[in-house]
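Observations on chain architecture
The residues making up each chain are set out below.
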Amino acid sequence: MRRNMENEDGIDSNTLLHGSPLGKTYRADIQVGILGVACLCGPGMWNAIISIGGGTDPQVASISTSLLYVCFAVTSLLAPVAVNIMGPARSLFLGSLGYPCFVGALLLYRTHALAAPVIVAGAINGIAAGILWTAQGQIMMGYPSAQQKARFMALFWCVFNSGAVIGGLITLATNYHSHQKQASVPTYVAFIAVMLTGSALTLALAPPHKVRRSDGAPVQLEKPPNLREELRGMGEAVRHPKLLLLAPLFLYANWFYTYEFDSFNGALFNVRTQGLCNAFFWGSQMAASVALAASLDDARASARRRALRACAFVALFGAATWAAALKVHVMFGLDRGASATSASRLDFLDSGGGFFFPLLVYMCFGAGDALVQCWAYWVMSQLDDDITVLSRYAGVYGSIKSAGSGIAWALEGFGVSPSTQLAINIALFTIAMPLAGYVASTVGQVRFTQLPPARDDEGADLSTPTTPIEEQGAVRQPS
């Protein structure tokens, strides 16, 4: 008897997974890969240009970036409504357009010293980013099966951050013979071209109802939501007790960028060395996400044990990194402006071995970023399996995270010293990790109902080996 599951178009899961070349693109891992490449081209390249300061006046950069993150924070609370109604592909396309808009404004500043377009583009980019990252979170947390969530997150993180690695190498190559602080015009043009390519790629994503996980099970999707249901659901997500406990970690998760990019990387290195350091920074994120995934998807341990073990490692690694950063901060006198001029900045060709320890610390910053964010995504993905609900969690995460980043950039704009920024980062980290540890101790307490497996024409089970039912990704039972 034929028992394959069918989607709403009447196509069975076996056909989707094995029956046609087009059907293979509906696999969850392929969809996450496409998402990663699209984000590589957009936010990945944006990270690369921002991490060298963007080439604008510091005050203009601080105002624009603060406005960007304020808009990002507000939009993220409403974006799940739009994403769940429009679908992830159209949401990602719309959200991706904000990034080339922003880099185009930076180019105008570079060539004509126009500050207003940079500030306006910051707001536009913030609104767009709220939509994009909510859709991204929905796919990354909702498409994998329970036993592969961390692996898929690492896949996305590696593909996505390879864009910033490439961007750092582009910065190095286009400014190799320059000792100036600003990136060259060809750098901006190259970034815009790549970003627009990423926007087009988002349209290749399949609708959620056609996507199948590796075991043949469909992505869990409730009936299409209406506006009232979405607003009610978003209200419930904002008040979710575990998300509230994770709020300090969410706040910390982007707060540190201001210190790392401007007070550390921007102050210590000249622009070509910044490009090299950024390649290592984002490359370290890739390596850290893979290492964390191996631990979080270890089927030999319970979900609770994996969550606690990973949380402890994140805490210890972060503490060691901030201790080393404090040493570099004092050693190079960052509050005294010891590297305020281009001539005094470290250069990987001219500084001997003097830049290696700061580079190592900067790489640890990157690894720590990936550890915190991937762990947070994984824990949120354990709270529910419905992608409409997970998009709301992604919206709450994005809102708090971007609010933290916006506040940090605003503090820099108001002249807050690098030492104060460093102290705030350490304090936030110290507050966040014990609360995160408590949430980790509750992972695995929510039960999920196992979905029926996909079967071939002879009735054979096509699903992969699964973990106990408490760790299955399926229909959530009321708790």
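Structure: above.
Residues numbered from 1 in each chain as written. Predicted model: local features only at pLDDT ≥ 70, side-chain atom pairs only at ≥ 80, totals over all residues. Heavy atoms only, no water.

So, the overall build of the chain
- The helix and strand inventory of the chain stands at 16 helices and 2 strands.
- Restricting the contact set of the chain to residue pairs at least 6 apart, pairs at least 24 apart contribute 84%.
- Total accessible area on the chain is roughly 18,000 Å²; 66% of this is exposed by carbon and sulfur atoms. (Helix = DSSP H or I, 4+ residues; strand = E, 2+ residues; numbered from the N terminus. Contact = heavy atoms within 4.5 Å. Areas by Shrake-Rupley, 256 points an atom, 1.4 Å probe, with all protein chains shown as cover.)

So, the pattern of salt bridges
- Under the counting rule described, the total for this entry stands at 7 salt bridges.
- A salt bridge links arginine 309 to aspartate 298; its shortest N-O distance comes to 3.7 Å. With arginine 309 in helix 13 (residues 303-331) and aspartate 298 in the loop between helix 12 (271-296) and helix 13, this pair connects stretches of sequence that are 11 residues apart.
- For arginine 309, a relative accessible area of 33% gives the class partly exposed.
- Each of Lys149, Arg213 and Asp385 takes part in salt bridges that share partners, so that together they form one network. (Salt bridge = Lys/Arg side-chain N within 4 Å of Asp/Glu carboxyl O. Buried < 20%, exposed > 50% of the residue type's maximum accessible area, 1.4 Å probe, protein only.)

Concerning the environment of phenylalanine 313
- One can find phenylalanine 313 in helix 13.
- You can call phenylalanine 313 partly exposed: its relative accessible area is 46%.

A short note on the packing of aromatic side chains
- Taken as a whole, this structure holds 27 aromatic pairs when the rule is applied.
- Considering the side-chain rings of tryptophan 133 and phenylalanine 160, the 5.4 Å spacing of their centres and the 75° angle between planes classify their relative orientation as edge-to-face. Separated by 27 residues along the polypeptide, tryptophan 133 in helix 7 (residues 116-142) and phenylalanine 160 in helix 8 (residues 149-174) bring together distant segments of the chain.
- Residue classification places phenylalanine 160 among the buried positions, given a relative accessible area of 4%. (Phe/Tyr/Trp six-rings, centres within 6.5 Å; stacked < 30°, edge-to-face > 60°.)

Let's talk about a nonpolar patch on the surface
- Nonpolar side chains collect at one region of the surface, where Leu77, Leu78, Ile85, Leu227, Leu231 and Val238 lie side by side and expose about 530 Å² of accessible area between them.
- Where the nonpolar patch is concerned, the elements lending two or more residues are helix 4 (58-86) and helix 10 (227-238).
- Within the secondary structure, leucine 77 sits in helix 4.
- With a relative accessible area of 35%, leucine 77 lands in the partly exposed category. (Patch = residues over 30% accessible without salt bridge, like charges linked within 9 Å, V, L, I, M, F, W, Y side chains within 5 Å.)

So, unusual backbone geometry
- One non-glycine residue with positive phi stands out, namely alanine 113, at about 55°.
- Its location among the elements puts alanine 113 in the loop between helix 6 (98-112) and helix 7.

Section: the packing of helix 5 (residues 88-96) against helix 7
- Where helix 5 contacts helix 7, the two axes come as close as 7 Å, and the packing angle between them is 145°. Between helix 5 and helix 7 the crossing geometry is left-handed. Two secondary-structure elements touch here, helix 5 through Pro88, Ser91, Leu92, Leu94, Gly95 and Ser96 and helix 7 through Ala128, Ala129, Ile131, Leu132, Ala135, Gln136, Gln138 and Ile139.
- In the contact of helix 5 with helix 7, the residues fall into 9 nonpolar, 5 polar and no charged. (Axes fitted to C-alpha atoms, helices over the stretch in contact; angles between N-to-C directions. Left-handed = near helix turned anticlockwise from the far one by under 90°. Nonpolar A, V, L, I, M, F, W, Y, C, P; charged D, E, K, R; others polar.)

Details of the side chain of serine 402
- With respect to the helices and strands, serine 402 occurs in helix 15 (residues 387-413).
- Judged by its relative accessible area of 0%, serine 402 falls in the buried class.
- At 2.6 Å, the side chain of serine 402 forms a polar contact with the backbone oxygen of glycine 398.
- Among the polar contacts made by the side chain of serine 402, one reaches the main-chain carbonyl oxygen of serine 399 at a distance of 3.2 Å.
- In this view, serine 402 contacts Tyr69, Phe72 and Ala73; residues no more than four positions away in its chain are not counted. (Polar contact = N/O pair within 3.5 Å; in protein donor to acceptor, adjacent residues only side chain to side chain.)

A closer look at the environment of serine 184
- Structurally, the position occupied by serine 184 is in the loop between helix 8 and helix 9 (185-201).
- Considering only alpha carbons, one finds serine 184 and arginine 110, 74 residues apart in sequence, at a separation of 8.3 Å.

What about the environment of isoleucine 166?
- If you trace the backbone, isoleucine 166 turns up in helix 8.
- Along the backbone, isoleucine 166 and glycine 275 are 109 residues apart, and their C-alpha atoms lie at a distance of 9.4 Å.

A closer look at helix 14 (residues 356-381)
- The terminal C-alpha atoms of helix 14 lie 37 Å apart, and with 26 residues this matches the ideal 38 Å at 1.5 Å per residue to within 8%.
- For helix 14, the buried fraction is high: 21 of the 26 residues fall into the buried class. (Expected span 1.5 Å × (residues − 1).)

Considerations on helix 6
- The terminal C-alpha atoms of helix 6 lie 21 Å apart, and with 15 residues this matches the ideal 21 Å at 1.5 Å per residue to within 8%.
- Every buried residue of helix 6 is accounted for by Gly98, Tyr99, Pro100, Phe102, Val103, Ala105, Leu106, Leu107 and Tyr109.
- Each element contacted by the buried residues of helix 6 is listed here: helix 3 (28-50), helix 4, helix 5, helix 7 and helix 9.

Overview of the packing of helix 11 (residues 241-268) against helix 14
- Remark: helix 11 packs on helix 14, axes separated minimally by 11 Å, with the N-to-C direction vectors making an angle of 160°. By the criterion of interaxial angle, the relationship of helix 11 to helix 14 is roughly antiparallel. In the crossing of helix 11 with helix 14, the sense of the turn from one axis to the other is left-handed.
- Among the residues making up the contact of helix 11 with helix 14, the classes are represented as 21 nonpolar, 3 polar and 2 charged. (Parallel < 35°, antiparallel > 145°, perpendicular 65-115°, else oblique.)

Section: the state of the cysteines
- Counted by the stated rule, this structure contains 0 disulfides.
- In this structure cysteine 41 is a free cysteine whose sulfur lies 9.2 Å from that of cysteine 39, the closest cysteine sulfur available.
- Cysteine 41 sits in the buried class, given a relative accessible area of 8%. (Disulfide = S-S within 2.5 Å.)

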